[in-house]
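The chain contents come next:
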Amino acid sequence: MDFIINLLIIVRDAIRYFFTSYIPQLIQEFSNDFYLNFIKEDRWKYIVDGLGVTLQVTLFAVLIGIALGFIVAIIRATHDKTGNLKFFNWICHIYLTVIRGTPVLVQLLIIYFVIFGSVRVDKVLVAVIAFGINSGAYVAEIVRGGIMSIDAGQFEAGRSLGFNYTQTMIHIVLPQALKNVLPALGNEFIVLLKETSVAGYIALEDLTKGADIIRSQTFAPMMPLLAVAAIYLAFVMLLSWLIKLLERRLRNSER
Amino acid sequence: MSDKKRLQMEEMKAVWEASGAPLIQVKDLEKHFDDLHALNGVSVDINKGDVVFVVGPSGSGKSTFLRCLNRLEEPTAGEILFEGINITNKMTDINLHRQKMGMVFQQFNLFPHMTIMKNLTLGPMKLQNMSKEAAEAQAMQLLERVGLADRADAYPNQLSGGQKQRIAIVRALCMKPDVMLFDEPTSALDPEMVGEVLAVMRDLAEEKMTMVVVTHEMAFAKEVASRVIFMADGKIVEEAAPAEFFENPKTERLQNFLAKVL
Ligand SMILES: Nc1ncnc2c1ncn2[C@@H]1O[C@H](COP(=O)(O)OP(=O)(O)OP(=O)(O)O)[C@@H](O)[C@H]1O
Ligand SMILES: [Mg+2]
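Report follows, based on the coordinates.

Reading the values: the criteria
- Position labels on residues start from 1 in each chain and follow its written sequence.
- Chains and ligands are labelled by the order in which they are written, letters from A for the one and numbers from 1 for the other.
- For a predicted model such as this one, the threshold for reporting local features is a pLDDT of at least 70, and the threshold for listing and counting side-chain atom pairs is 80 or more; totals across whole chains, interfaces and linings nevertheless cover every residue.
- As a rule here, side-chain values cover all heavy atoms of the structure and leave hydrogens and water aside.
- A run of H or I in DSSP becomes a helix once it reaches four residues, and a run of E becomes a strand once it reaches two; helices and strands are each numbered from the N terminus.
- Put simply, the radius of gyration uses C-alpha atoms, and a globule should come to 2.2 Å times the residue count raised to 0.38.
- Type-normalised accessible area, obtained with a 1.4 Å probe on protein chains alone, sets the label of each residue: buried when under 20%, exposed when over 50%, and partly exposed for intermediate values.
- Like charges within 9 Å and nonpolar side chains (Val, Leu, Ile, Met, Phe, Trp, Tyr) within 5 Å are joined into patches, using only residues over 30% in relative accessible area that form no salt bridge.
- Methods summary: accessible areas were calculated by the Shrake-Rupley approach with a probe of 1.4 Å, and residue burial reflects only the protein chains presented.
- Any carboxyl oxygen of Asp or Glu that lies within 4 Å of a side-chain nitrogen of Lys or Arg is treated as forming a salt bridge with it.
- For a helix, the expected span equals 1.5 Å multiplied by the number of residues minus one.
- Given a residue, its bend is the angle between the two axes fitted to the seven residues that end at it and to the seven that start from it.
- Here a residue-residue contact requires only that any non-hydrogen atoms of the pair lie within 4.5 Å.
- Two parts lose some accessible area (1.4 Å probe) when they are put together, and adding that loss for both gives the buried area.
- Distance and chemistry together define a polar contact, namely a pair of N or O atoms within 3.5 Å, with one atom able to donate a hydrogen and the other to accept it when in protein, and with adjacent residues in sequence counting only for side-chain atoms on both sides.
- Gly is put with the polar residues, along with every residue not named as nonpolar or charged; the nonpolar set is Ala, Val, Leu, Ile, Met, Phe, Trp, Tyr, Cys and Pro, and the charged set is Asp, Glu, Lys and Arg.
- A strand pair is defined by DSSP finding two or more bridges across the two strands.
- Nearness here has a simple test: a residue counts as near a molecule or strand if at least one of its heavy atoms is within 4 Å of that partner.
- Only the contacting stretch of a helix is used when fitting its axis, a line to C-alpha atoms as for every element, and angles between N-to-C directions run 0 to 180 degrees.
- Angle categories: roughly parallel below 35 degrees, roughly antiparallel above 145, roughly perpendicular from 65 to 115, and oblique for all the rest.
- By convention the crossing between two helices is left-handed if the near helix lies anticlockwise of the far one by an angle smaller than a right angle, and right-handed if it lies clockwise.

## A word on the overall build of chain A
- When helices and strands are tallied, chain A shows nine helices and zero strands.
- Taken against the 2.2 N^0.38 rule, which gives 18 Å for 255 residues, the C-alpha radius of gyration of chain A at 26 Å runs more than 25% over that of a compact globule.
- Each principal axis of the C-alpha atoms in chain A carries an extent, and together these give about 95 × 55 × 30 Å.
- Split into buried and exposed, the 255 residues of chain A put 38% on the buried side.

## Comments concerning a nonpolar patch on the surface
All names here are of chain A.
- Together, Met1, Phe3, Ile4, Leu7, Leu8, Val11, Ile15, Tyr17, Phe18, Phe19, Tyr22 and Leu26 line one region of the surface with nonpolar side chains, adding up to about 1300 Å² of accessible area.
- Inspection of the secondary structure assignment puts Tyr22 in helix H1 (residues 2-39).
- The exposure class assigned to Tyr22 is partly exposed, which follows from its relative accessible area of 35%.

## So, H1(A)
- The end-to-end C-alpha separation of H1(A) is 52 Å, in line with the 56 Å expected for 38 residues at 1.5 Å each.
- Approximately 40° is the largest bend angle found in H1(A), and it occurs at Phe18(A).

## Digging into the interface of chain A and chain B
- Counting residues at the interface gives 21 residues for chain A, matched by 24 residues for chain B.
- For the pair chain A and chain B, the summed buried surface comes to about 2000 Å²; carbon and sulfur atoms form 58% of the total.
- One can count one salt bridge joining chain A with chain B.
- A salt bridge links Arg67(B) to Glu156(A), with the nearest nitrogen and oxygen atoms 2.6 Å apart.
- Put simply, chain A and chain B have six residue pairs in polar contact (both at pLDDT 80 or more) between them.
- The set of elements that each furnish at least two residues to the side of chain A that touches chain B consists of helix H6 (152-161) and helix H7 (165-195) of chain A.
- Among the elements that line the side of chain A that touches chain B, the one with the most residues is H6(A), at eight residues.
- Partitioning the side of chain A that touches chain B into residue classes produces five nonpolar, ten polar and six charged.

## What about the pairing of strand S9 (residues 227-232) of chain B?
Residues and elements named next belong to chain B.
- Taking burial as the measure, the six residues of S9 include six buried ones, the bulk of the element.
- Along S9, one buried face is formed by Arg227, Ile229 and Met231 and the opposite face, lined by Val228, Phe230 and Ala232, is buried too.
- Bridge count for S9 against strand S10 (residues 235-240) is five bridges, and the pairing is antiparallel. Looking at the pairing, Met231 lines up with Ile236 of S10.

## Some thoughts on the site of ligand 1
All names here are of chain B.
- Around ligand 1, 13 residues are found, and the nearest of them are Ser58, Gly59, Lys62, Ser63 and Thr64.
- Here Gly61 contributes a backbone N or O atom positioned 3.0 Å from an oxygen atom of ligand 1.
- Within the contact set of ligand 1, an oxygen atom lies 2.5 Å away from a side-chain nitrogen or oxygen of Thr64.
- Secondary structure elements with two or more residues in the shell around ligand 1: strand S2 (36-46) and helix H2 (62-69).
- Broken down by element, the residue count for the shell around ligand 1 peaks at three residues, all from H2.
- When the residues that make up the shell around ligand 1 are grouped by side-chain class, the tally is four nonpolar, seven polar and two charged.

## A word on the packing of H6(A) against H7(A)
Residues and elements named next belong to chain A.
- For the pair H6 and H7, interaxial distance at closest approach is 9 Å and the crossing angle is 140°. Accordingly, the angle class assigned to the pair H6 and H7 is oblique. Along this stretch, H6 crosses H7, giving a crossing that reads as right-handed. From H6, Gln154, Phe155, Gly158 and Arg159 reach across to H7, where they touch Tyr165, Thr168, Met169, Ile172, Val173 and Gln176.
- Residue classes in the contact of H6 with H7 are distributed as five nonpolar, four polar and one charged.

## Focus on unusual backbone geometry
- Even without being glycine, Leu85(A) reaches a positive phi, approximately 60°.
- The exposure class of Leu85(A) is partly exposed, given its relative accessible area of 37%.
- Located in the positive-phi region is Arg71(B), a residue other than glycine, with phi close to 60°.
- Residue placement: Arg71(B) occurs in the loop between H2 and strand S4 (77-82).

## A few points about the sheet that holds S2(B)
Residues and elements named next belong to chain B.
- On the basis of which strands lie adjacent, the open sheet formed by four strands has the order S2-S1-S4-S5 and antiparallel pairing. Edge positions in the sheet fall to S2 and strand S5 (85-86), since each has one partner strand and no second.
- Examined bridge by bridge, S4 and S5 share two bridges and lie antiparallel to one another. Note on S5: the bridge partner recorded for Phe82 is Ile85.
- Most of the contacts of H2 go to strand S1 (residues 24-33), to which it runs at about 120°, and overall it touches S1, S2 and S4.

## Regarding the pairing of strand S3 (residues 51-55) of chain B
Residues and elements named next belong to chain B.
- Within S3, five of the five residues are buried, which leaves the element mostly enclosed by the surrounding structure.
- The alternating pattern of S3 places Val51, Phe53 and Val55 on one face and Val52 and Val54 on the opposite face, and all of these are buried.
- Pairing of S3 with strand S8 (residues 210-214), which is carried by four bridges, proceeds in the parallel orientation. Across the sheet, Val54 pairs through a bridge with Val214, a residue of S8.
- Relative to S9, S3 is paired through four bridges, and the arrangement is parallel. Bridge assignment links Phe53 to a residue of S9, and that residue is Val228.

## Here's the deal with the pattern of salt bridges
- Overall, the coordinates contain 22 salt bridges over all chains when judged by the stated rule.
- Where Arg215(A) meets Asp212(A), a salt bridge forms, and the shortest distance between an N and an O atom there is 3.0 Å. One end of the pair, Arg215(A), and the other, Asp212(A), are both in helix H8 (residues 207-218), three residues apart, so they sit about a helical turn from each other.
- For Arg215(A), a relative accessible area of 30% translates into the label partly exposed.
- Between Glu247(B) and Lys222(B) there is a salt bridge, with its nearest N and O atoms 3.5 Å apart. Of the two residues, Glu247(B) is situated in helix H9 (residues 242-247) and Lys222(B) in helix H8 (residues 218-224); the sequence distance between them amounts to 25 residues.
- Residue class for Lys222(B) comes out partly exposed when judged on its relative accessible area of 39%.
- Here the salt bridges do not stand alone but share partners, grouping Asp80(A), Arg100(A), Glu141(A) and Arg144(A) into one network.

Structure (structure tokens):
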């Protein structure tokens, strides 16, 4: 009997401690941490500015990636289908092999320290170029897959009407191929958004670097890092949702 | 297409028309796929208004022959004159001549990302400088003829196989071709839909459209053809008017073939 009463007293004290001491302490710590990491000395600006840089790099790298990827894909598919463009195909092949066979971080460092080593250039520009070139290789293979997946009969139907190769590509093959690969392209851009987080290696102050700077000033790593993780996650979820929406749109337009 | 080229073509066509030569002249046509000789010296004349049916066992080269006519397959040797012009010559712009040779495929090959109307107007608008209004009016008229005017805004996936093939025929007709090439147009269809496609083809034949038809529909060939060609091993083995062809086959190969398919 005594034992049960003692147990109840312990439980009661624990609950009392939890609510009167532990929770307020936690809140206190949290707000101290929050103040230290984000409010004090306007540290939140590292996060906001960093997010701006990350989005900027991702957006322009995506544009370069799409342009480059389409050009390479069309050259490769044309070579596969007709045997033309041997030389360009060879160049594309080397590009794809090298870019997909080496880590993006190494590519970034080479472009920054070797290629632009002796000239002063904007780091954002370097990152845009590096990630754009990298992304182009993956976009190219996605788009080429899309082109090759279109039934040969589509191509023949276009040619039999009198369209030349280019016209058939533009009016008949590419629109269908693009539609098929849009989800895969969307995923590629999600990957790219996350990959830009290594840009800190060239001292570019992107979102991840922003958190790292705060950490090095406050020695309280948890909050800035968790905040940045949450921001990446939010953007990835937003993009995934947009891709799903787009997919549904495209499906509906054919039914 | 530039107006100059078009004019040039018209002139050459006029010369050909005055000469009274056949619409298509095929001379010693050969097509090799590596070691495989799919066509082994095929020569044939196709006159304006001819309805030529090509029959024969599987693998005899019927499709290859048909696809060489508009150079979807590049012939290995031989000549094809179309309206007096050697279209096997690498210098001729085959794209211009293909506009005059409509082709209908076994698998329809409609463009799934476009409405029926867009399928029908794309070629005339992009290749023949036709206005949207004119191209749509023409398409509508032809759609009415095949009884599908109400499906103009549908997408190909919303149609039955027979409807798709009728649309494919109309798509080719919208280019105002001088000859129509059919490669087993009813082979991918459910039996109950074959009739509606054959009816459209019968209509075309009655209007004196020049047609080359590869098919396994012997009864239809008998009824509609002006001439029937029997191919085997990449050669034309026998060629005759339908009555003669089916009632009185000369070669043993054709006799055996007819015994199997009739
Ligand atoms: N692209 C190609 N590459 C290699 N061989 C081919 C190709 N197209 C056709 N052939 C071969 O050429 C021969 C003739 O084929 P073709 O398709 O012309 O026959 P077909 O008479 O149309 O037969 P079917 O009645 O089955 O359609 C066949 O042996 C076929 O395997
Ligand atoms: Mg065939």
